[in-house]
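# Fold and contact review
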Amino acid sequence: MLRRIAIAIAAAACIAVGALLVVAALTPFGSPVGVWSPFWDPQSWQVVTLAVALALALGVLVFPRGHRQHSARPLAGILLIGTAAVGLGLAAYSTCARESVAFWSPLTWAFGLFVGSAPEVFGSVSGCPADPPLALTVARLLAIATVGLGFALAAAVVFRTQLDVLRMRRARSRVVVDGPLDVTLAAASAIRRRTAPGTLIIVRAEAIDPPPPLQRQAGIVVLRWGDSADGALRSFSLRRGRIALDALYLLSPDTGTNMLRFERLSQHLDAIRGDRHVRVVVRIDDAWVAEYWRRRQVDRPLWAVDAVGLNEATAQRLVTRWMDDGHDLVAVHGESGLVLAIAAEVAQRSRELKALRSAEGPRPPRIAIVGRDAEALVRQHALHQRAFGNAADDVDAFPCDDPTSGFTEALASARSPAVMTAPGSKRPRLSPTELAASRPGWPVYAQVADDGAIPEEPVMEGLYPFALSFSDFGGAPDRWERVARIAHTNFLADYGEDAAVPARRRWDAGLPAFYKESNVRLIRATLASAVAVGRSWGPATGDGDPGDVLPTEEQLEIMTQREHESWRAHYLAAGWRFGQRRDDARRRHPGLIEWSDLDEANREKSRRSVRDALALLRTLGYVSRPVRDAAGTWGRYRRLGEVTAELLTNGWTWETARGSTMEAHRGDWRVHDGERMWSVRAPEFEATYEPAGEGRWRRRGVVRAMQARTTTIVQTLEGTARAEPGDWVVEGQGGERWVVPSEHFQRTYAPEQ
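In this text the structure is predicted, and so the values were computed from the model without any measurement.

### Observations concerning the packing of aromatic side chains
Taken as a whole and assessed by the stated rule, the structure comprises 21 aromatic pairs. For the ring pair Phe-407 and Trp-442, a centre distance of 6.4 Å and an interplane angle of 90 degrees mean the geometry is edge-to-face. Placement of the pair is Phe-407 in helix H14 (residues 403-410) and Trp-442 in the loop between helix H15 (432-438) and strand S13 (444-447), with a sequence separation of 35 residues. For the pair Tyr-445 and Tyr-464, a centre-to-centre distance of 5.0 Å together with 15 degrees between the ring planes defines the contact as stacked. Taken together, the residues Tyr-445 in strand S13 and Tyr-464 in strand S14 (residues 463-466) connect sequence positions 19 residues apart. Tyr-464 matches Tyr-445 in its accessibility class, with the two residues each being buried. Feature note: the residues Phe-514, Tyr-515, Trp-567, Tyr-571 and Trp-576 constitute an aromatic cluster, connected by ring pairs. Over the face of the ring belonging to Trp-480 we find Arg-524, whose NZ or CZ atom lies 5.2 Å from the ring centre.

### Concerning the pairing of strand S8 (residues 303-308)
One face of the sheet, then the other: side chains in a regular strand alternate in exactly this way. The element S8 is extensively covered by neighbouring structure, given that six of its six residues are classed as buried. Neither face of S8 is left uncovered, since the one carrying Trp-303, Val-305 and Ala-307 and the one carrying Ala-304, Asp-306 and Val-308 both have all their residues buried. Across six bridges, the pairing between strand S7 (residues 278-283) and S8 is parallel. Bridge pairing in S8 links Val-282 to Ala-307.

### Thoughts on the environment of Arg-676
One can find Arg-676 in the loop between strand S23 (669-672) and strand S24 (677-680). Residues Arg-676 and His-744, spaced 68 residues apart in sequence, show a C-alpha to C-alpha distance of 8.9 Å. Beyond its immediate stretch of four places on either side in the chain, Arg-676 contacts Val-671, Val-739, Pro-741 and His-744. Looking at Arg-676, its side chain comes within polar contact range of the side chain of His-744, at 3.5 Å.

### Topic: the pattern of salt bridges
Inspection of every chain in the model, using the stated rule, returns 46 salt bridges. The salt bridge partner of Glu-481 is Arg-279, with a shortest N-O separation of 3.4 Å. One end of the pair, Glu-481, is in helix H16 (residues 479-495); the other, Arg-279, is in strand S7, and 202 residues separate them in sequence. Residue class for Arg-279 comes out buried when judged on its relative accessible area of 14%. Where Arg-611 meets Glu-604, a salt bridge forms, and the shortest distance between an N and an O atom there is 3.2 Å. Given the relative accessible area of 34%, Glu-604 is considered partly exposed. Linked by salt bridges that have partners in common, Arg-279, Asp-478, Glu-481, Arg-485, Asp-508 and Glu-517 make up one network.

Scoring rules and cut-offs
- Residues numbered from 1 in each chain as written.
- Predicted model: local features only at pLDDT ≥ 70, side-chain atom pairs only at ≥ 80, totals over all residues.
- Heavy atoms only, no water.
- Phe/Tyr/Trp six-rings, centres within 6.5 Å; stacked < 30°, edge-to-face > 60°.
- Helix = DSSP H or I, 4+ residues; strand = E, 2+ residues; numbered from the N terminus.
- Buried < 20%, exposed > 50% of the residue type's maximum accessible area, 1.4 Å probe, protein only.
- Lys NZ or Arg CZ within 6 Å of the ring centre and 35° of its normal.
- Pairing = 2+ DSSP bridges.
- Contact = heavy atoms within 4.5 Å.
- Polar contact = N/O pair within 3.5 Å; in protein donor to acceptor, adjacent residues only side chain to side chain.
- Salt bridge = Lys/Arg side-chain N within 4 Å of Asp/Glu carboxyl O.

All quantities given are derived from atomic positions and should not be read as evidence of function.
Here you go:
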């Protein structure tokens, strides 16, 4: 509002000064006496300075730093300056055109100002004043500015890539987004809204990608790099040999490509000394593989790694909308990927709500799965949750052939119901418009092919179309920020909310980015410090005793010291310094001293932060346990041999060699090698087997494996398996694990050379 008032004042002042210059030019021999007389003085440098200063002030106000580039606004500004130059020039020359063609001659002379060909008529033409009026002096300056700005704008368009490369190399803080442009450009816009000023968003484009749109947001550049994708990511991540990368988004639809690029980049950056913490989001569309891989990376030093898939991103948008609208029960029907992602998202929201000390905010709705395979999907959801030590009691099954009747049954007791339908080509046709028209009391969320955000208002009756997309996913918090939000909310519950104190503001109500990052840092530091004292992270199975899942007093003390040093480094890097009293405005804090000099009260405060972080992670399904000798050494092995396989049309239960019961679902593969029979989920089968002819399949790929030394429990995609001493625990590229008996392992795996 203040900026608009300032623009109006500056514009009015410019118009007033311009009008006085025009009047003075038209009446050169009628100079008034008093305050306005300088406008009739051709030598008055004060008036010229005032006019230039007002024009610059208006330009700064209209074109603030960070405005949208490559838009129509710069061109409009150049046209406005040029028009003002022509107007003032026309007024200045009009008194000298009595012997020429009226109007057209002074207009032609005024346009000559832009190319330096305006005639010197003053003092040599009858009726013309001896000295050029101030209007002509200002017009010449505006003409020069018009030509200069026009040249700069043209150069910016022609040499845009080179300028973007220069901006990239100068930026100290960078976020890199890699993937197809139709995904990365939308993600970059959402990420831009969440990042701190001064952070540059770099979108990597392939040579074959179409050119990016000319109209872009400030702070976003699209670069085509002559090097390979790996070389480009390395170049984007470094500045003068140091890591300048704050966050990395790998959004290729090919999961293997994303994983490989991350591993190669992390290996390169890990070799560079530094303590910069990099947040990474990798696209993995299979929700199960995404969760396995996410947990595999949980304690990776200096990396905060998360995974997101197309179904997960869409589920986050839908569940957020349902919670905001207060729905207590949502009946869902459609493809299993999206349905299971919605169920998993609701389960995660329930755990997050449970982790809060104060039950604030909306509650997630209960989910009712409707359709022929409803029971199978509920079992699959329960299996998935149990694999990570989580409960799965927030989903119900309503098996039926007619989805409409299933919706009616499922929503009979709902206070505020809603429906989600995303039918595939193999399912009976369910018309969302007919459903919305016949059930006007139900908000119907229907999947459509076109991309776009969920509309605020229904397109008809209660119909809300949506699409499987990453729309605004970059604007949504990643997994670690979601945990950090809970930690900060619990902090406010303990110490109180105070808008006058920056660190005690609500997350979405003015909490500075510095404190948000500090909360994320606390969670990541807790994960890393547990590993540093000899612990590992795994699912909360519920069968561990407190002495197992909690660090010893000695371990807790070391973890607390590491947390204090991590906190201290974060503050010092942001310009904070030691002070006897805390002063946020001057960035002073009494706790910015070494652990050995810290008083007991502040030490206990650090211990409490670590304990709270451990308790929070446990509630969300992450538990640290001491590393035991049961685990051997991981090695890399090639898969060997051929098998026969068939696609399952129904569920199937089978047993491992150690008697563990596993569960397969429709769409999985039943694999047989002549001795053993087991199941493989479709995504993993496609990634690890290739056709060998006549109904046979050849095993391919490289895995990690270790030989168990004692009895070990392994969470697999099909259920909980037991590995006895001598058995091998094998881990695929997606982080999924399974157990292989020793004799079978020797025949079907070979060390990678």
